[in-house]
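As a plain string of letters, each chain reads:
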Amino acid sequence: MAQRASTASEESAQVSKDLSAQVIKDLHERMVRIRLFETEAGKLMEAGKLPGFLHLYVGQEAVAAGVMAALRDDDQITSTHRGHGHAVAKGVGLREMYAELYGRVTGACLGRGGSMHINDVTRGMLGANGIVGAGVPIAVGAAFAARYKGEDSVAVTFFGDGATNIGAFHEGANMAAILDLPVVFVCENNGYAEFTPQSKHMLLTDVADRAAAYGMPSVIVDGMDAVAVHRAAVEAVERARSGGGPMMIEAKTYRFFDHQGVKGLRHPYRSDDEVAEWKARDPIDLIETRAVADGTATRAELDDTWQRTRDEIAEAIAYAEASPLPDTADLLLNVYSG
Amino acid sequence: MTTLTEAQAVAPNSTARKLSYVKAFNEGLAQAMREDENVFVAGEDVAGYGGVFRMFDNLLDEFGPRRMIDTPISEAALVGLGVGAAARGLRPVVDLMFMDFIGVCLDQIVNQAAKMKYMFGGSVSVPLTITTASGAGLGAAAQHSQSLEAWLAHVPGLKVVMPSDAYTAKGLTVSAIRDDNPVVVMLNKVLLGSSCEVPEEIYGIPLGQAHTARHGSDVTVIALGRMVGEALAAADELAAEGVEIEVIDPRTVQPLDTETMFTSVRRTNRVLVVHEAVTFGGLGAEIAAQIQDAAFDYLDAPVLRIGAPFSPVPFSPVLEKAYVPDRDRIAQGCRRLLERS
Ligand SMILES: Cc1ncc(C[n+]2csc(CCOP(=O)(O)OP(=O)(O)O)c2C)c(N)n1
């Protein structure tokens, strides 16, 4: 029988007390990096400097930060079409990421992949993915490889609420469960699949209920609260690492921008009020307010993180812009190995 | 342009006006829905949102949620829904948004939709239409830019159409819906905003009938989908050099109207086939083989193929531009053919 782990959001109010100041600052820094990476990318897109599609992650930073802070470098992740946040939080270089968005040869995919395919195997980032749900079975395979090789790394797969309607999710979840693999399933439930609200694409309120069908425990967390996400992730990752099998975390969160691009509410699929309500629970504001209140960090320290990151982002963008374009003579590069 | 003559031939009393490719598709679909109560549309964000490419704009208002259905992201179930509903006498139009996503539901298309009539001894038909957007050129990268017509055209039981302009987008869509077989309508993403003259009333373009988009005597260029426009542009350029190119738009790639091609080749004696899909194993190979079989003695040079290199579609615009065939490469191909003979 599947059992639901305790609801971590209940504990979320009691913040950093038993988490070290170091962890809080780490979560904060990862979120700031994502936020600035994304908002700057959005500006570049609006300025017409970036080709292709841009699915912004702003609003969901607490999920990537909370989970990634629970991982080691050799742990593997698979991501989605909305993958910048995961990549940034996993430690993929900002220079390589911007260069990829620009289609430069110095990019994370040598300019071949663009926003939806950013990866860095040296950081355990097995790729953003343009096909919804496709990353789920791949993470299962990565976890299988870890166990096969006798390593104790785990794999985490990120997916949206919408993605849990696709076969690859269900098949991947069942496979992980039946093979008892070290996989953590992280559903970032932002309430929408493109422009379709969750209530119109599934009859469940909680995606976590789907885990039960595969005999997998699950937990629901406040996805705007990096500390809550982090606690749940530490538990799930440790469980997987020590042979306890797969588990699902459902993080209730929200994207602040449109499905694609930055324009916002062009189409009335969600109300201004709803957006405002969620923005009032901005995950970065939340952690900053608490950190200052309980003395974990000073305002000056937090500001310093913003400033340092801003400088790093500016430098990374300059690097991308100065980088060469790919050479068309290399059109067939990497189609095959060897 | 040629499309107007064609339009008049189809509907002599028509009023044609300029319409964009995406609006022409939308108009044809709406008219087919008015014509037949059994036509319904299902897909991701097609109803409330009107489709990510605005293909289904306003249809929910007119036809309501019974006939315009937003589905979960479940492509296998979506196509399967279409197969089952079609077998029970409805005429489903299911939308796959980006052609690349057929990877997720290929079993339902290839093993179920395509074979049901045959395997059931002819006792059912599957009048299913699958609409989807194909093609590169938007920086959409390797998983959102493919032209997979050769995969589908290879499967007995399926039909595949590739509208090359707004006029054919409407007429082929209407014919696909009226057809009693599963038909995949490959709309081209880059063409969505392009316009030409389109008759206001409903009309179908016969499936399996090629169209000669431009007459010429020196080289026959057989172009698929968006490449028709590129070939016509190349023909303009070559006309200035005194070379007359004939451009054939097959419109339907399964079934393929080879007779129109053979007739042309017997006059021009030189053929170039051009498509966006990778050259290897692409439809160009099939067309070239058939021409060699039927008209070898008329050829002054081997049939030339132009397609994409054997690589996934690259993201970087500079690479993507080098990857997709264009008017320059078509013109060069024609010159090469003329030099050889
Ligand atoms: C197989 C497949 N079907 C459809 C799409 C188009 N698509 C891209 S993102 C998306 C919505 C995904 O929703 P969700 O999983 O909830 O993630 P979110 O966008 O909310 O982060 C859709 C339908 C796709 N990329 N792949």
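Everything numeric in this text was worked out from a predicted model, so none of it was measured.

Student: Explain the interface of chain A and chain B residue by residue, including any values.
Tutor: In this complex, chain A contributes 34 residues to the contact, which on the side of chain B involves 32 residues. Both sides of the chain A and chain B interface together cover about 2,700 Å² of buried area, and 69% of this is carbon and sulfur. When residues of chain A are sorted by the area they lose upon contact with chain B, A:F53, A:I131 and A:L331 head the list and together hold 20% of the total. The interface formed by chain A and chain B holds 0 salt bridges in total. Taken together, the links from chain A to chain B amount to 9 residue pairs in polar contact (both at pLDDT 80 or more).

Student: Lay out unusual backbone geometry in plain terms, naming residues and giving numbers.
Tutor: Residue B:P255 is reached from B:Q254 by a cis peptide bond, and omega for that bond is 0°. Tracing the backbone through its elements, the reader meets B:P255 in the loop between β12 (252-254) and α10 (258-268). In this structure, A:L110 is a non-glycine residue whose phi angle is positive, near 55°. Along the chain, A:L110 falls in the loop between α5 (94-101) and α6 (135-148). Despite not being glycine, A:D180 has its phi angle at roughly 55°, a positive value. If you trace the backbone, A:D180 turns up in the loop between α7 (167-178) and β3 (183-189).

Student: For the pairing of strand β14 (residues 304-308) of chain B, give the residues involved together with the corresponding values.
Tutor: Residues and elements named next belong to chain B. Burial of β14 is extensive: 4 of the 5 residues sit out of reach of the surface. Strand direction decides the pairing type here: strand β13 (residues 271-278) and β14, joined by 4 bridges, are parallel. By the bridge assignment, V274 is partnered in β14 with I306. Read as a crossover between parallel neighbours, the route from β13 over helix α11 (residues 283-295) to β14 is right-handed.

Student: Residues and numbers for a nonpolar patch on the surface, please.
Tutor: Residue and element names in this part refer to chain A. A surface patch of nonpolar side chains, about 560 Å² in accessible area, is lined by F144, Y148, M175, I178 and L179. Listing elements by their share of the nonpolar patch, those giving two or more residues are α6 and α7. Structurally, Y148 can be placed in helix α6. Residue classification places Y148 among the exposed residues on the basis of a relative accessible area of 68%.

Student: For the pattern of salt bridges, give the residues involved together with the corresponding values.
Tutor: Using the criterion set out here, one finds 42 salt bridges over all chains in the structure. In this structure, A:K252 engages A:D206 in a salt bridge whose closest nitrogen and oxygen atoms are separated by 2.6 Å. Taken together, the residues A:K252 in strand β7 (residues 247-252) and A:D206 in the loop between β5 (196-197) and α8 (209-212) connect sequence positions 46 residues apart. Put simply, B:K170 and B:E27 hold a salt bridge, and the shortest N to O gap is 2.7 Å. Of this pair, B:K170 sits in helix α8 (residues 166-178) while B:E27 sits in helix α2 (residues 21-35), and the two are 143 residues apart along the sequence. The same class applies to B:K170 and to B:E27, which are both buried. Put simply, B:R17, B:E27, B:K170 and B:E200 are held in one network by salt bridges that share partners.

Student: Explain the confidence of the model for chain B to me, and be specific about the residues and the numbers.
Tutor: Detailed reading of the predicted coordinates is not advisable wherever pLDDT is low. Residue and element names in this part refer to chain B. Averaged over all residues, the pLDDT of chain B equals 96, while 96% of them reach at least 70. This stretch, residues 1-8, has a pLDDT under 50; its non-local contacts, to residues over four places away or in other chains, come to 15 contacts. Reported confidences for the modelled complex are a pTM of 0.94 and an ipTM of 0.92.

Student: Let's hear about helix α5 (residues 102-113) of chain B: which residues, and what values?
Tutor: Residue and element names in this part refer to chain B. In this model α5 runs just 13 Å from its N-terminal to its C-terminal C-alpha over 12 residues, more than 12% under the 16 Å that 1.5 Å per residue would give. For α5, the full list of buried residues reads I102, C105, I109, V110 and A113. The buried residues of α5 occupy one face: seen down the axis, they fall within an arc of 155°.

Student: Just give me the short version of the sheet that holds β14(B), but keep the residues and values in it.
Tutor: All names here are of chain B. Across the sheet, which stays open at both edges, the 5 strands sit in the order β9-β11-β10-β13-β14 with mixed pairing between neighbours. On the outer flanks of this sheet lie β9 (211-214) and β14, each paired with one strand and no other. If you compare each strand with its neighbour and ignore which way they point, the axes differ by 25° on average. Docked against the sheet, α10 engages β9, β10 (219-223), β11 (245-249) and β13, running at close to 170° with respect to β11. Its contacts with the sheet put helix α13 (residues 327-340) on β10, β11, β13 and β14, and the angle it makes with β14 is roughly 160°.

Student: Residues and numbers for the nonpolar core, please.
Tutor: In terms of nonpolar packing, the biggest core is built from 66 residues, with A:V67 and A:Y98 touching the most fellow members. Here this core takes 10 residues from helix α2 (residues 21-46) of chain A, the largest share from any one element. In contact with A:V67, not counting residues within four places along its chain, are A:V156, A:F158, A:V186, A:V229 and A:A233. One finds B:L19, B:V41, B:V46 and B:V93 within the second-largest nonpolar core, a separate group that totals 42 residues.

Student: Hey, could you go over the site of the ligand for me, with residue numbers and the actual values?
Tutor: As a structural note, the neighbourhood of the ligand is formed by 22 residues, with A:R82, A:G130, A:G162, A:Y192 and B:E75 the closest of them. One chain alone does not account for the residues near the ligand; they come from chains A and B. Contact distances for the ligand include 2.8 Å between an oxygen atom and a backbone N or O atom of A:Y192. Between the ligand and A:E194, the relevant distance is 3.3 Å, taken from a nitrogen atom to a side-chain nitrogen or oxygen of the residue.

Scoring rules and cut-offs
- Residues numbered from 1 in each chain as written.
- Chains lettered and ligands numbered in written order.
- Predicted model: local features only at pLDDT ≥ 70, side-chain atom pairs only at ≥ 80, totals over all residues.
- Heavy atoms only, no water.
- Contact = heavy atoms within 4.5 Å.
- Buried area = accessible area lost by both parts, 1.4 Å probe.
- Salt bridge = Lys/Arg side-chain N within 4 Å of Asp/Glu carboxyl O.
- Polar contact = N/O pair within 3.5 Å; in protein donor to acceptor, adjacent residues only side chain to side chain.
- Helix = DSSP H or I, 4+ residues; strand = E, 2+ residues; numbered from the N terminus.
- Buried < 20%, exposed > 50% of the residue type's maximum accessible area, 1.4 Å probe, protein only.
- Pairing = 2+ DSSP bridges.
- Right-handed = clockwise from strand over helix to strand, strands pointing away.
- Patch = residues over 30% accessible without salt bridge, like charges linked within 9 Å, V, L, I, M, F, W, Y side chains within 5 Å.
- Areas by Shrake-Rupley, 256 points an atom, 1.4 Å probe, with all protein chains shown as cover.
- pLDDT = per-residue confidence, 0-100.
- Expected span 1.5 Å × (residues − 1).
- Arc of directions from axis to C-beta.
- Axes fitted to C-alpha atoms, helices over the stretch in contact; angles between N-to-C directions.
- Core = buried A, V, L, I, M, F, W, Y, C linked by side-chain atoms within 4.5 Å.
- Near = heavy atom within 4 Å.

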